[in-house]
Amino acid sequence: MVVSDTPTPRRARAATSVIFAAHGVVTGTFAARIPWVADHVDVGAGGLGVALLMPGLGAILAMPLSGRLVHRFDLRSLTRVLMLLWCAALILPSLPTSLLGLCAVLVVYGATAGVADVAMNAHAVVVEERYGRSVMSGFHGFWSVGGLAGSAVAVFAARHDVDARVHFAATTAVLIVVVLAACAALIPHRPEPDLAAPPAFALPTRAVLAIGLVGLCAVFAEGAALDWSAVYVRDILGSADSTAAATVAVFSVSMAVARFLGDRVVHRFGPVATVRVAGVCATAGAATVVLSSQVALVIAGFALLGVGIAVVVPLVFAAAARIGDHPGRSIAGVAGVAYGSGLIAPGVIGGIAHVSSLTVSFAVVLGLVAVMTAGAGLLRPREAAAPAPAPAA
C-alpha cells in the first residue's frame, strides 16, 4: 500500500470516529422527521412505506460502484467528498411536495448514504491495520451516538414546530464544517499502483456474499427493532406511548454501549467467539420478545437483542477487507448485501405483520439471529501468509 504524509494513528482514529458520528447524525435526523416529511408530501402510510423503500434501492444500486471509486481515488479525498455529499443530501427529503418527487430524492439520498458508508468503512479498515488490533466496533459505536444525537435534536426541533427545511439546512451547515475539519486528519491512502482496477460495477464474490449474509441477519434485526419495537410494545402489549418510545431508546443505547466495549472483547476472545456469544445473547433477546407478555421482560429482550447484534456489522466489514486484493470492492459487496436488508427490513416486517401478526414478524428476526450465530465461523481471520524468501544476490 502506498501511504504518505500520514497523521498519527491516534489522530486518524479520532477523526474517523467523528466521520462515523456525522454519518449517523444525518440518518438520525431524517428518521426523526419522517412524520413532517409525510405531512409535507401529504402521503398516507401506504405511500410512505413505498417511499421509505427508495433509500434501500438507491444504496443497493450505488454500493457496487464504490469498489472502483476506492481503488481510483485517494481514500482521504474520497471520504471528504462523499461525506460532504451525504451531509448535503439531508436537505433533499424536505423539498418534494409529491410522492413521486419524494421517491426520486430518496433514491439519491440512499445512493449517497451507501457510497459514503463504504468509503468511511474502507478508511476505518486502514486505521485498524495501523493499530494492529480491533477498533472497528468503536467507530460504529460513534455512528450510533451520532444517530441518537441527530434524533434528539430533531425531536427538540419538532416539538418547537421548526420547519424541517430550516432544520435540515442548519444541520447540514454544521456537519459540513465538522466533516471538513475531521477529514484533514484522515490517512491518505491508495492501492499499490500495479494492482489492477476492479470492475466498474462489481457484484459480490461468493466469499463476500457469505460474510454479507451474516451482516444481513444483524442489520435486518437492527432495522426491525428500531422501527417496530415501539409499535410492538404499544400495540401488542398495550403499553403507553412513552413506554414504547423508551423501548427504542433502550435498544439504541444498548447497541451503542456494546459497540464501545466490543473492541476490547474482540481483542481478547477473537471475532468468532465474540459473535457466537453475541449471537446467543441476540437469540435469547429475540426469544424473550416473542414469548413474553411482560413489558419489562420484552424491553429487556430488546436490550439484549441490541447487545447481541451490535458488534457483528463492524466485524463483518473487517472480515470483508481481508478478502482479495480490493478491500473497497469487498466492503462494498458486504455493505450492499447487509445494509440493503436493513433498509428494506421495516417494510418486510410490516408486510409479515399485515398478513399474520407482529409477533410472527419478530419470530422471523429470531430465526435470522440464530442463523447469524451459526455463521460466526465465516468471520475467522485468515492465517498470515509466510514471508517470501529473499531473492538470491
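In this text, all values refer to a predicted model and were calculated from it rather than measured experimentally.

Criteria and thresholds
Residues numbered from 1 in each chain as written. Predicted model: local features only at pLDDT ≥ 70, side-chain atom pairs only at ≥ 80, totals over all residues. Heavy atoms only, no water. Helix = DSSP H or I, 4+ residues; strand = E, 2+ residues; numbered from the N terminus. Buried < 20%, exposed > 50% of the residue type's maximum accessible area, 1.4 Å probe, protein only. Areas by Shrake-Rupley, 256 points an atom, 1.4 Å probe, with all protein chains shown as cover. Expected span 1.5 Å × (residues − 1). Phe/Tyr/Trp six-rings, centres within 6.5 Å; stacked < 30°, edge-to-face > 60°. Contact = heavy atoms within 4.5 Å. Core = buried A, V, L, I, M, F, W, Y, C linked by side-chain atoms within 4.5 Å. Axes fitted to C-alpha atoms, helices over the stretch in contact; angles between N-to-C directions. Parallel < 35°, antiparallel > 145°, perpendicular 65-115°, else oblique. Nonpolar A, V, L, I, M, F, W, Y, C, P; charged D, E, K, R; others polar. Salt bridge = Lys/Arg side-chain N within 4 Å of Asp/Glu carboxyl O. Left-handed = near helix turned anticlockwise from the far one by under 90°. pLDDT = per-residue confidence, 0-100. Patch = residues over 30% accessible without salt bridge, like charges linked within 9 Å, V, L, I, M, F, W, Y side chains within 5 Å. Arc of directions from axis to C-beta. Polar contact = N/O pair within 3.5 Å; in protein donor to acceptor, adjacent residues only side chain to side chain.

Visitor: Even after reading the chapter, I still don't get the overall build of the protein chain, so can you show me in this structure?
Guide: Tallying secondary structure elements over the protein chain gives 15 helices and 0 strands in all. When each of the 393 residues of the protein chain is scored for burial, the buried share is 51%. Accessible area for the protein chain stands at about 16800 Å²; split by element, carbon and sulfur atoms hold 68% of it.

Visitor: Help me understand helix H7 (residues 136-159) in this model?
Guide: Since there are 3.6 residues in each turn of an α-helix, residues three or four apart along the chain are aligned in direction. Between its first and last C-alpha, H7 extends 35 Å over 24 residues, near the 34 Å set by a 1.5 Å rise per residue. Inspection of H7 places Met136, Ser137, Gly138, Phe139, His140, Gly141, Ser144, Gly146, Gly147, Gly150, Ala154 and Ala157 among the buried residues, and these make up the whole buried set.

Visitor: Even after reading the chapter, I still don't get the packing of aromatic side chains, so can you show me in this structure?
Guide: Between two aromatic rings, the relevant description is the distance of the centres plus the angle of the planes. All told, the structure shown has 7 aromatic pairs when counted by the stated rule. Relative to phenylalanine 139, the ring of phenylalanine 20 has its centre 5.5 Å away and its plane inclined at 20 degrees; by these criteria the two rings are stacked. One end of the pair, phenylalanine 20, is in helix H1 (residues 9-32); the other, phenylalanine 139, is in helix H7, with 119 residues separating them in the sequence. In terms of burial, phenylalanine 20 and phenylalanine 139 fall into one category: buried. Note on tryptophan 86 and tyrosine 109: the rings are 4.8 Å apart at their centroids and 50 degrees apart in plane angle, and the pair reads as tilted.

Visitor: Can you help me understand the environment of valine 311 in this one?
Guide: Relative to the assigned elements, valine 311 resides in the loop between helix H12 (295-310) and helix H13 (312-320). Residues valine 311 and glycine 141, spaced 170 residues apart in sequence, show a C-alpha to C-alpha distance of 9.0 Å. Residues contacting valine 311, with those up to four places away along its chain left out, are Ser137, Ala258, Gly262, Thr274 and Ala278.

Visitor: Is there a simple way to explain the nonpolar core in this structure?
Guide: The nonpolar side chains of a soluble globular protein tend to be buried with one another. One finds Phe302, Leu305, Ile309 and Phe362 to be the most contacted residues of the largest nonpolar core, which totals 113 residues. A total of 17 residues in this core trace back to one element, the largest contributor, which is helix H6 (residues 99-131). Those residues in contact with isoleucine 309 that lie beyond four places of it in its chain are Ala218, Ala221, Glu222, Phe251, Met255, Ala282, Val369 and Met372.

Visitor: Got a minute to help me understand the environment of alanine 88 in this structure?
Guide: Position of alanine 88 among the secondary structure elements: in helix H5 (residues 75-89). Considering only alpha carbons, one finds alanine 88 and valine 26, 62 residues apart in sequence, at a separation of 9.3 Å.

Visitor: What should I look at first to understand the packing of H5 against helix H8 (residues 164-183) in this one?
Guide: Axes are the key here: two packed helices are described by the angle between their axes and the distance separating the axes. Where H5 contacts H8, the two axes come as close as 9 Å, and the packing angle between them is 170 degrees. The angle between H5 and H8 falls in the class roughly antiparallel. In contact with Arg76, Thr79, Arg80, Met83, Leu84, Cys87 and Ala88 of H5, H8 contributes Thr172, Leu175, Ile176, Val179, Leu180 and Cys183. Per-class residue counts for the contact of H5 with H8 are 9 nonpolar, 2 polar and 2 charged.

Visitor: Honestly, the pattern of salt bridges in this entry has me stumped. Any pointers?
Guide: Between side chains of opposite charge, a pair can form as their charged atoms come close. This model, assessed by the stated rule, comprises 3 salt bridges. Two residues, arginine 259 and glutamate 222, come together in a salt bridge whose shortest N-O distance is 3.9 Å. Remark: glutamate 222 occurs in helix H9 (residues 206-236) and arginine 259 occurs in helix H10 (residues 241-269); sequence separation between them is 37 residues. A residue is classified by how much of its surface remains accessible, and glutamate 222, at 12% relative accessible area, is buried. Residue aspartate 235 pairs with arginine 234 through a salt bridge whose shortest N-O separation is 2.9 Å.

Visitor: Help me understand the packing of H9 against H13 in this model?
Guide: Look at H9 against H13: their axes get within 9 Å of each other, and the N-to-C directions meet at 165 degrees. Here H13 runs roughly antiparallel to H9, going by the angle between their axes. The chirality of how H9 crosses H13 is left-handed. For the pair H9 and H13, the contacting residues are Ile211, Val214, Gly215, Ala218 and Val219 in the first and Val312, Val313, Val316, Ala319 and Ala320 in the second.

Visitor: Would you explain the environment of leucine 69 in this entry?
Guide: Relative to the helices and strands, leucine 69 resides in helix H4 (residues 54-72). A residue is classified by how much of its surface remains accessible, and leucine 69, at 27% relative accessible area, is partly exposed. Remark: the alpha-carbon pair of leucine 69 and alanine 119, spanning 50 residues in sequence, is separated by 8.5 Å.

Visitor: Would you mind going over the confidence of the model for the protein chain with me for this structure?
Guide: Caution is warranted with low-pLDDT regions, since their predicted coordinates should not be read in detail. Scored by pLDDT, the protein chain has a mean of 85; 88% of the residues are at 70 or more. Averaged pLDDT values for the elements of the protein chain fall to 74 in helix H14 (residues 327-355) and rise to 96 in H8. Within the model, pLDDT remains below 50 along residues 384-393, and this stretch shows 0 contacts once partners closer than five positions in the same chain are excluded.

Visitor: Before we go on, may I ask you to explain the side chain of serine 17 in this structure?
Guide: Relative to the helices and strands, serine 17 is located in helix H1. When sequence neighbours within four positions are dropped, the list of residues in contact with serine 17 reads Phe139 and Phe142.

Visitor: When you look at a nonpolar patch on the surface in this model, what are you seeing that I'm missing?
Guide: A cluster of nonpolar side chains, contributed by Val18, Val174 and Val178, occupies part of the molecular surface with about 210 Å² of accessible area. Of note, valine 18 is situated in helix H1.

Visitor: Which parts of the structure should I look at to understand H8?
Guide: A rise of 1.5 Å per residue sets the reference length of H8, with its 20 residues, at 28 Å; its end C-alpha atoms lie 27 Å apart and thus fit the reference within 8%. Residues of H8 that are buried: Ala164, His167, Phe168, Thr171, Thr172, Leu175, Val179, Ala182 and Cys183. Along the axis of H8, the buried positions cluster into a sector of 125 degrees, meaning they face one direction only. Those residues of H8 that are exposed and angled more than 90 degrees off the buried face are Val166, Val174, Val177 and Ala181. On its buried face, H8 sits against H1, helix H2 (34-41), H5 and H7. Structurally, the start of H8 carries an N-cap: the backbone nitrogen of arginine 165 is 2.7 Å from a side-chain oxygen of aspartate 163.

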